[in-house]
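Geometric and topological summary
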Amino acid sequence: MIPDLSHDRIDRLRDAFRAAGYDADGVVELLGPEAHIALGRGEPVPALRATTDAGPLGTLIRLFLLGLAEPQAAVEAALAPLPLSDAQAAGLVVADGDRLRAGLDVRPHGVGDDSWWVVSDLDSDLRGGRPVEPDHVLGVGHASLSLVQATSRRPVGSVLDLGTGCGVQALHASTHAQRVTATDVSKRALALADATFRLNEIDVELGEGEWFDPVRGRRFDMVVCNPPFVVGPPRTDFTYRDSGLAGDDASALVVRQLPSFLNEGGTGQLLASWVHRDGEDWEDRVSRWLPPGAGVDAWFVQRDVADPALYVGTWLRDAGYDLRSPQGLQKAGEWLDWFEANDVLGIGFGFVTLRRTDAARGEVVCEDLRHAFSDPLGPESDQWLRRVDWLRANGSAEALLATRLVTADSTVLEQVSEPGDEGWSPLVHRLHRTNGPGWQHEVDELGVRLLAGCRGALPLGELLELLAMGFGEDAEELTRAAVPVVRELVRHGMVVPAEWVDGAQ
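One structure accompanies this document, and this report is about it.

About the cut-offs
- Residues numbered from 1 in each chain as written.
- Predicted model: local features only at pLDDT ≥ 70, side-chain atom pairs only at ≥ 80, totals over all residues.
- Heavy atoms only, no water.
- Helix = DSSP H or I, 4+ residues; strand = E, 2+ residues; numbered from the N terminus.
- Buried < 20%, exposed > 50% of the residue type's maximum accessible area, 1.4 Å probe, protein only.
- Lys, Arg positive; Asp, Glu negative; His and termini not counted.
- Salt bridge = Lys/Arg side-chain N within 4 Å of Asp/Glu carboxyl O.
- Polar contact = N/O pair within 3.5 Å; in protein donor to acceptor, adjacent residues only side chain to side chain.
- Contact = heavy atoms within 4.5 Å.
- Core = buried A, V, L, I, M, F, W, Y, C linked by side-chain atoms within 4.5 Å.
- Pairing = 2+ DSSP bridges.
- Right-handed = clockwise from strand over helix to strand, strands pointing away.

With respect to the element layout, Arg-356 can be found in strand S12 (residues 344-356). Despite its burial, Arg-356 remains without a salt bridge, the nearest opposite charge being carried by Glu-264 at 4.0 Å. In this structure the side chain of Arg-356 is engaged in a polar contact, spanning 3.4 Å, whose partner is the backbone oxygen of Pro-259. The contacts of Arg-356, once residues within four sequence positions are left out, are Arg-219, Pro-259, Ser-260, Leu-262, Asn-263, Glu-264, Gly-265, Gly-266 and Gly-295.

Structure, rendered in structure tokens:
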């Protein structure tokens, strides 16, 4: 049953939340940073202690964030001016003996001016461990938050949130887009997303249908997508995670079709999964998802590779299955049988950035970024595309050698040495970028000296000639070896064109 969240009920609920101070800042202020962090780890006791005798705000936190049953009188006071009968009729709260508990998940998300309420279904923990329903609508989870951080926030005219779910990506898109369109195949998801948008007084165009069907014939400046990317047999147990397509075909479909819905220069950013098979390189696999000769720049970033057994267990627990129950054992067995039959050794997960370009041939790069880093990838994706453009115009050996380059301030050098008869003998010279994805590159002694000389005063070619002369090297051989290394350092933002230094890098 789809909740009856009418305009009047949503307006009154918003008034109740504002009166109680039930927003992201209010929750953190009441709980305190330590209890708030503990709640994020799934430890509710500090939050429970902090909300004792805390009035309507404490009641709302215990109701919606802790999943506790509260006295009817306290809930009625906290939801006023929304009548309790309307809250029950809308499915916001449900009876639990002589108390009430949350029927939907309604929680603050974001910080400061970019703070909203998100309406979704209760996860399995707040449902008492019971498996979720097939049309379950996820709330703000790790996957959606990771896509938020990996998405560019450059100002654009139009954004499409494909497979919007509860509307998280569309909310963030509203901060930098003039128009936002959100689609989903699930009627329930669209109903809850619509409630989310109305609760936050944000105008979003909604469309119902599979994949890109609701927007056929249209183009956007940006498309964001958190698709049902779970890899497995071709079935649909839960619409939020299962596409009905086999293996990684759902991710392949989005990557293949998305560019045709972009304006020239428009970008698409999505989460995706891909299988790892014996004898097949994952980079070749995902690169083939793009048609040959497509005018598309693509950046595939692999953030993790999961063992099949761990992967299956994680997703089944996420849906509320007890892995020791007969049903859990059957589901896990069928899933692992499919992986074995299809020679799946692991499941890769990551982000994809796509850009429609008028270049004759797009740049397709696959990179493994499984190391830890804290900076969001969204700003980096913008800079990655900027560097792609620059290398497309200036990346030939002749043009690069004529360019004045500067070693970025964020690039540092690590040196590893071993003791010897004449003191320390260098073993490794490793460059680190201290921001963004934390790129690392090993270089030799001549590379170290070359980057020390990249101060924007001389073209790269002249620096290499001086270096060859000073160390007795053949200038042509040194140049031939250095150009591809420098090109890669530019791609990763460790060396930049001198003209960028005075502007925004």
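Of all the 11 residues making up helix H5 (residues 55-65), 9 are buried; the element is thus mostly covered by neighbouring parts of the structure. Every buried residue belonging to H5 is among Leu-57, Gly-58, Thr-59, Leu-60, Ile-61, Arg-62, Leu-63, Phe-64 and Leu-65, and all of these are buried. In the stretch just after H5, Gly-67 is the one whose phi turns positive, near 70 degrees.

Soluble globular proteins: nonpolar side chains tend toward being buried together. Counting residues in hydrophobic clusters, the biggest one holds 62 residues, and the most contacted among them are Tyr-311, Trp-335, Phe-339, Leu-405 and Leu-450. Non-local contacts of Leu-405, meaning those with residues more than four positions away in its chain, are made with Trp-390, Cys-454, Arg-455, Gly-456, Leu-460, Val-486, Val-490, Val-495, Val-496, Pro-497 and Ala-498. Residues Leu-31, Ala-87, Val-180 and Leu-192 belong to the second largest nonpolar core, which totals 58 residues.

With that settled, the discussion passes to the pairing of strand S9 (residues 220-225). Within S9, 5 of the 6 residues are buried, which leaves it mostly tucked inside the rest of the structure. Examined bridge by bridge, S9 and strand S10 (residues 262-277) share 5 bridges and lie parallel to one another. Across the sheet, residue Phe-220 finds its bridge partner in S10, namely Leu-262. A crossover connection joins S9 to the parallel S10 through helix H11 (residues 249-257); in handedness this β-α-β unit is right-handed.

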